[in-house]
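# Structural characterization, general
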Amino acid sequence: MIRAEINGNIKEYPKGISLLEISREYQKDYKDDIILAFVNDRLRELQKTVQNDCKIRFVTTAEDAGHKTYNRGLTLVMLKAIYSVIGSPNIRKISIEYSVGNGLYCQTDTKEPITEEQCLAVKEKMKSLIDKNLPITKKSIGTADAIELFKLYGMYDKERLFKYRRVSKANIYNLEGFEDYYYGFMPPSTGYLKYFDLFLYDEGIMLLLPEKNNPSVLEPFKPQDKLFRSLKESNRWSRAMGIDTVGALNDAIVEGKMNEIILTQEALQEMKIGEIAEMIKKSGKKLVMIAGPSSSGKTTFSYRLSIQLKTHGLNPHPIAVDNYFVERENTPLDEEGKPNYESLDAIDLETFNKNMTDLLQGKTVELPSFNFKTGHREYKGNYKTLGSNDILVIEGIHGLNDKLSYSLPRDKKFKIYISALTSLNIDEHNRIPTTDLRLLRRMVRDSRTRGATGQKTISMWSSVRRGEEENIFPFQEDADVFFNSALIYELAILKQYAEPVLFGIDRESEEYVEAKRLLKFLDYFLGVNSEVVPQNSIMKEFIGGSCFKV
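A brief look at the structure comes next. (Residues numbered from 1 in each chain as written. Predicted model: local features only at pLDDT ≥ 70, side-chain atom pairs only at ≥ 80, totals over all residues. Heavy atoms only, no water.)

### What about the overall build of the chain?
A tally of regular secondary structure across the chain gives 15 helices and 23 strands. In terms of principal-axis extent, the alpha carbons of the chain reach across some 75 × 55 × 45 Å. When each of the 550 residues of the chain is scored for burial, the buried share is 55%. Summed over its atoms, the accessible surface of the chain is roughly 24200 Å², and 49% of this surface lies on carbon and sulfur atoms. For the chain, the distance from the average position of its 77 positive side-chain charges to the average position of its 78 negative side-chain charges is 2 Å. (Helix = DSSP H or I, 4+ residues; strand = E, 2+ residues; numbered from the N terminus. Buried < 20%, exposed > 50% of the residue type's maximum accessible area, 1.4 Å probe, protein only. Areas by Shrake-Rupley, 256 points an atom, 1.4 Å probe, with all protein chains shown as cover. Lys, Arg positive; Asp, Glu negative; His and termini not counted. Charge placed at Lys NZ, Arg CZ, Asp CG, Glu CD.)

### Some words on helix 13 (residues 490–503)
Residues spaced three or four apart along an α-helix face the same direction, because each turn holds 3.6 residues. End to end, helix 13 covers 20 Å across 14 residues, agreeing with the expected 20 Å (1.5 Å per residue, within 8%). Largest kink in helix 13: about 40°, centred on Q496, with the proline P500 one to four residues after it. Counting buried residues in helix 13 gives 10 out of 14 residues, a clear majority hidden from the surface. Here helix 13 has its buried residues at E490, L491, A492, I493, L494, K495, A498, E499, V501 and L502. At its buried positions, helix 13 is contacted by helix 7 (246–254), helix 11 (434–449), helix 12 (454–471), helix 14 (512–522) and helix 15 (540–543). (Expected span 1.5 Å × (residues − 1). Bend = angle between axes of the 7 residues up to and from the residue. Contact = heavy atoms within 4.5 Å.)

### As for helix 11
The first and last C-alpha atoms of helix 11 sit 23 Å apart over 16 residues, in line with the 22 Å expected at 1.5 Å per residue. A large share of helix 11 lies buried, amounting to 13 of its 16 residues. Just past helix 11, the residue G451 takes up positive phi, approximately 65°.

### What about the sheet that holds strand 13 (residues 197–201)?
Read from one edge of the open sheet, 4 strands run 8-9-14-13, paired in antiparallel fashion. Edge strands, defined here as strands with exactly one partner in the open sheet, are strand 8 (91–100) and strand 13. Sheet twist, expressed as the mean angle between neighbouring strand axes with direction ignored, is 25°. In terms of strand pairing, strand 13 meets strand 14 (residues 204–208) through 5 bridges, oriented antiparallel. In the sheet register, L200 faces strand 14, and the bridge partner there is I205. Contacts from helix 2 (residues 64–86) reach strand 8, strand 9 (103–110), strand 13 and strand 14 within the one sheet, and its direction differs from that of strand 8 by about 150°. Across the face of the sheet, helix 6 (residues 225–240) comes into contact with strand 8, strand 9 and strand 13 while running at roughly 135° to strand 8. (Pairing = 2+ DSSP bridges. Axes fitted to C-alpha atoms, helices over the stretch in contact; angles between N-to-C directions.)

### Some remarks on the pattern of salt bridges
In total, this model carries 48 salt bridges according to the counting rule given. The partner of D180 in a salt bridge is K158, with the nearest N and O atoms 3.0 Å apart. You can see D180 sitting in strand 12 (residues 178–181) and its partner K158 sitting in helix 5 (residues 156–162), a full 22 residues away along the chain. In this structure, D180 and K158 share a single accessibility class: buried. (Salt bridge = Lys/Arg side-chain N within 4 Å of Asp/Glu carboxyl O.)

### Description of the side chain of T457
Along the chain, T457 turns up in helix 12. Judged by its relative accessible area of 1%, T457 falls in the buried class.

### Looking at the nonpolar core
Grouped together as the largest cluster of nonpolar side chains are 134 residues, with contacts concentrated most on I56, M126, L305, I416, L502 and F521. Apart from the residues within four sequence positions on either side, F521 is in contact with Y183, I426, I432, L440 and L491. In this structure, L287, I347, L367 and F370 belong to the second largest nonpolar core, which totals 21 residues. (Core = buried A, V, L, I, M, F, W, Y, C linked by side-chain atoms within 4.5 Å.)

### Observations regarding the environment of G191
Residue placement: G191 occurs in the loop between strand 12 and strand 13. Remark: the alpha-carbon pair of G191 and L134, spanning 57 residues in sequence, is separated by 7.0 Å. Beyond its immediate stretch of four places on either side in the chain, G191 contacts I130 and N133.

### Here's the deal with the pairing of strand 12
Where burial is concerned, the two faces of strand 12 agree: the one with F178 and D180 and the one with E179 and Y181 are both buried. Strand direction decides the pairing type here: strand 11 (residues 169–175) and strand 12, joined by 4 bridges, are antiparallel. Its bridge partner lying in strand 12, Y173 is registered against D180.

### Concerning unusual backbone geometry
In the Ramachandran plot, N7 falls in the positive-phi region, its phi being about 55° despite a non-glycine side chain. For N7, the location among the structural elements is in the loop between strand 1 (2–6) and strand 2 (9–13). Despite not being glycine, E176 shows a phi value in the positive range, around 50°. For E176, the position within the fold is in the loop between strand 11 and strand 12.

### Re the packing of helix 11 against helix 14
Look at helix 11 against helix 14: their axes get within 12 Å of each other, and the N-to-C directions meet at 105°. With respect to their mutual orientation, helix 11 and helix 14 come out roughly perpendicular. Taking contact as the criterion, the partners of D436, L439, L440 and M443 in helix 11 are, on helix 14, E514, R517, L518, F521 and L522. Looking at the contact of helix 11 with helix 14, its residues break down into 6 nonpolar, no polar and 3 charged. (Parallel < 35°, antiparallel > 145°, perpendicular 65-115°, else oblique. Nonpolar A, V, L, I, M, F, W, Y, C, P; charged D, E, K, R; others polar.)

Right, here's the structure in full:
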């Protein structure tokens, strides 16, 4: 017998009992489905057995790791259904591309376009697989065998990926004979995956998923056309460059093509920034509002946009909304009683609006600067008066929210949404979440500029993400233009900066689980020297060496 501590109670179980069996006993105590478990602070699939005394904490679909596992399992079910309905000979490639709201967009490269009838048949097949509660099994095979397996199945992105794997084994998941590789854990069976929808969308299909905060309810799909177009454009860029997966990037590194790829990608971004500057010039608007989530590269983008605006005969003046923070003692508190610097109420809206209105009316205004050490606003003689060719470039997380600039007419604002929307995938069935890229960027920057540990950055990340969900994402579709700051090569650069920070995280800490996941993720990439990255690159905002004050 073994002794397991669960929810503060100790109970005995037969040695070798599965976590799945134990979870059934405790499911009644949880609102949402148990899908994973921590055993002595190590994340485990429910299929695992317990051999020794331990402490167990169950993970539900309402937690980040559990929600990702649910989505991963549903992706496996969808692929199994697609291959069953359409048939392997008729499929060249099915690519899991990107999230759009609560949907996951999948590109379908088949001999004939998938019809409405076939899509419905795939959906019905998925329901059938789920109703049968089929087991999702895992086996470990040699890396060389995995390469041969993926070649046999025509999954050439996976074959290419595993050429660069240092580990000797690969975990392969099997659902009723359909075998695939996934980056991350799986649910024990298909019966856990009850909530979904599937429909044709654009040139592929959309898999609708429940959201983490309410995992047993499927909300209606909310199209985000501007975001989708931006993501699609980025995918076209990456495909035009021949690099849409990690394996393709590693091939380019080995073949000595990285200098050309870095310079090409930077030129593409500069071209896009130039196009945005031209749009602003033609619009005649005096206010450029820039917003985006954490670690999107807003500061570098603002500098580069200002340079492009100057080439169009305009005189840009950068305004940081952060300089309008309320006095620190007046900062609103979040639900945990901590200062909520991402709340709109953390900004002195009245002073900000008065200053901006006065500037637009041709008045001279003394602009403040916020001293983050003392927590007080200061005035140091920064007077500004707008001339006929002057334009304000306002940057801050609330930039797209009209409540920030309530006194300023909408037709005077040119709104820009910036985010790091990576178009690179691990392989055809494993996407790279944009949040992972931004977390790594922030971790590297915080370590370099603030002396913050990786543990601290990870511990804060969920709070940062909540702030983005409340204050940024709801307003992104109101933007006049989207700018994607992700660089196709950057994870190969970030790797050597992020790994030491991640290895420095205490193994006994709560944050180590996430650190371990990110280390495993970075292991897919070959590293690249950062010397060739231009000084004005957004990448330099995070790794250092920028020609701008960032």
